[in-house]
Amino acid sequence: MAALFYIVAGVAVLAALSVVLQRTPVYSALSLIVVLCSLAVLYLLIGAEFLAVIQVIVYAGAIMVLFVLVIMLLNARRETPGDRSRLAPLLGAPLLAVFLAEFFFVIVKQLPRGSESSAAPLDSGPAAIGGLLFRNYVLPFEVTSVLILVAILGAVVLAKKEL
Amino acid sequence: MATSSEAISLLLVTLAKVAVVLFILLTAIAYLVWVERKVVAHIQSRWGPYLVAPHGLLQPLADGLKFLFKEDIVPTEADRLVYWLAPFLAFTLAFLSISVIPFGESFQWRGHELFQITDLNVGVLFVLAVTSLGVYGIVLAGWASNSKYPLFGGLRSSAQMISYELSLGLALVGVVMVSGTLSLRRIVELQSGVWHAGSHSTFLPHWNVLVQPVGFLVYFTSAIAETNRVPFDLPEGETELVAGFHTEYSSFKFALFFIAEYANMVTVSCLATLLFFGGWLGPVFGPSWLHPLLSVFWFCLKVFCFLFFYIWMRGTLPRFRYDQLMAFGWKFLLPVGLLNILVTSFLLAWQSS
């Protein structure tokens, strides 16, 4: 299990790097799909089958299809760096360093002391997740759906000049 | 934790099961193509394949050899990597969902389930997830060919598959609500027995199609659209788009798309059988060693009926227009699917109170 974790985690990190480093937008999108699928495998490894499958359906199967579709519609081929993109590394490098330092700080702080894992196994079945969503977190859940509805309406208003 | 010898035997048995299922499925698909050509030919008062062996029975073999030996042409402007990736993606994903399909009643051999590669407790969702990824094969093929007809085909099919995936998922929700489980094996087991009218038992089996008739119609209609078959085969509408997303593919890469389409047909037929038509359940008779085999036989027979229906539709119906297809999916199937869920949940709540 541990070996599988390191392999999948390695694939996820490499694919994530590829998302940023690729010059062709379609390759970036495909790398992102690999990242999302390897995250799903990581969920599977901790026994969260439902979450893993939902991750694939929602992110890889729905959202990324739209990304790929838009990239194809714009017919975006290989990017050529413009004048201002030379500035990007100068500004980006310090920000990246700050972000990474913060990231590692948080991770080291969160690491459990000693070898035993402290987290109790959670019930991650569909019934448990459904119960949480519709009892404990029903307000955030409904507010999110209203937010998405607003986004849809906004898109319709922007796209259609005459309604 | 399983010991290492158990793990190794599990691995070996699983690999053997995968090999057997793959072999049977590929052969079945080859002959499904033959059946399709024969049936459509007879619908149109023709003979169909007749030259290779009696009744063209070896035609699939001849076709396969032809695909293997044809020249593999890659367009010069194509995106090489994605162009290669697309057919393999389509093929792999088409076969992946078969891994959770149970082919017969539980039949153990030394603790290993023989008639199913793996029993996932979220089997229904797994099939949906794999189906939702299947669109990439088509989209990427259309884009990577760098040619206008494949691009149109790819765009059309992605729009179509995204639209009909919604109604497909909604149609399954009804069955899942009635069964209360996402495991395919459990859903079939819950459909055993017959209906009772008062104190009399009728001959009608307790299949989900009688509990969820609307759900079944929505499921099967969306499934036909998902698999890009007539009357929803717009991604490859040959009168408008030459051959759609696979126009620029030749030789074995084309064969991979071809096999993937038929494998998807088999998958959705299996799912329809399991979820709505009682899977492997059927009349059981004879000595006890015959029972597991009979269950597999009933399952295959039901799946074949669905596949025949697919072919029958192809020989009967004309193709939809693109705007009709979209309007039908969003303005008819989706509301009907939602309404079905609403009615089902009201009935379930009324029943339990």
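Above this text is the structure in question.
Predicted model, so just to flag it, every value in this text is computed and none were measured. (Residues numbered from 1 in each chain as written. Chains lettered and ligands numbered in written order. Predicted model: local features only at pLDDT ≥ 70, side-chain atom pairs only at ≥ 80, totals over all residues. Heavy atoms only, no water.)

*Asks:* Please provide a residue-by-residue account of the side chain of Gln-191 of chain B, values included.
*Replies:* Residues and elements named next belong to chain B. Tracing the chain through its elements places Gln-191 in the loop between helix H6 (184–189) and strand E3 (194–197). Look at Gln-191 and you get buried, because its relative accessible area is 1%. For Gln-191, the contacting residues outside a window of four places in its chain are His-206, Trp-207, Asn-208, Leu-274, Leu-275, Phe-276, Phe-277, Gly-278 and Leu-281. (Helix = DSSP H or I, 4+ residues; strand = E, 2+ residues; numbered from the N terminus. Buried < 20%, exposed > 50% of the residue type's maximum accessible area, 1.4 Å probe, protein only. Contact = heavy atoms within 4.5 Å.)

*Asks:* Please give an account of the pattern of salt bridges that cites residues and values.
*Replies:* Residue and element names in this part refer to chain B. Under the criterion given, the structure shown has 4 salt bridges over all chains. The partner of Arg-37 in a salt bridge is Asp-63, and the shortest N-O contact between them spans 3.0 Å. One end of the pair, Arg-37, is in helix H1 (residues 4–43); the other, Asp-63, is in helix H2 (residues 59–69), with 26 residues separating them in the sequence. Between Arg-321 and Asp-323 there is a salt bridge; the shortest N-O distance is 2.9 Å. According to the relative accessible area criterion, Asp-323 is partly exposed, its value standing at 44%. (Salt bridge = Lys/Arg side-chain N within 4 Å of Asp/Glu carboxyl O.)

*Asks:* Talk me through the interface of chain A and chain B; I want residue IDs and the actual numbers.
*Replies:* Listed as interface residues are 23 residues of chain A and, on the opposing side, 25 residues of chain B. Taken over both partners, the interface formed by chain A and chain B buries close to 2100 Å², and the fraction arising from carbon and sulfur atoms is 77%. Broken down residue by residue, the surface that chain A buries against chain B is led by Tyr-27, Met-72 and Arg-77 of chain A, which jointly contribute 27%. For the interface between chain A and chain B, the tally reads 0 salt bridges. For the pair chain A and chain B, the interface holds 2 residue pairs in polar contact (both at pLDDT 80 or more). Elements that contribute at least two residues to the side of chain A that touches chain B include exactly helix H2 (25–45) and helix H3 (49–73) of chain A. For the side of chain A that touches chain B, the leading source of residues is H3 of chain A, giving 15 residues. (Buried area = accessible area lost by both parts, 1.4 Å probe. Polar contact = N/O pair within 3.5 Å; in protein donor to acceptor, adjacent residues only side chain to side chain.)

*Asks:* I'd like to hear about unusual backbone geometry, residue by residue, with values.
*Replies:* Residues and elements named next belong to chain B. The backbone of Ser-45 shows a phi angle near 55 degrees, a positive value even though the residue is not glycine. Looking at the element boundaries, Ser-45 is found in the loop between H1 and H2. Exposure remark for Ser-45: the relative accessible area of 68% places this residue in the exposed category. Positive phi outside glycine occurs at His-55, with the angle close to 55 degrees. Relative to the elements of secondary structure, His-55 occurs in the loop between H1 and H2. For His-55, a relative accessible area of 45% puts it in the partly exposed group.

*Asks:* Explain the packing of helix H10 (residues 251–276) of chain B against helix H11 (residues 290–316) of chain B residue by residue, including any values.
*Replies:* Residue and element names in this part refer to chain B. Their axes nearest at 9 Å, the elements H10 and H11 cross at an angle of 125 degrees. Taken as axis vectors, H10 and H11 run oblique relative to one another. Judged by the sense of rotation from one axis to the other, the crossing of H10 with H11 is right-handed. On H11, the residues touching Tyr-262, Met-265, Val-266, Val-268, Ser-269, Cys-270, Ala-272, Thr-273 and Leu-274 of H10 are Phe-299, Lys-302, Val-303, Phe-306, Leu-307, Tyr-310 and Arg-314. Across the contact of H10 with H11, the residue classes break down as 12 nonpolar, 2 polar and 2 charged. (Axes fitted to C-alpha atoms, helices over the stretch in contact; angles between N-to-C directions. Parallel < 35°, antiparallel > 145°, perpendicular 65-115°, else oblique. Left-handed = near helix turned anticlockwise from the far one by under 90°. Nonpolar A, V, L, I, M, F, W, Y, C, P; charged D, E, K, R; others polar.)

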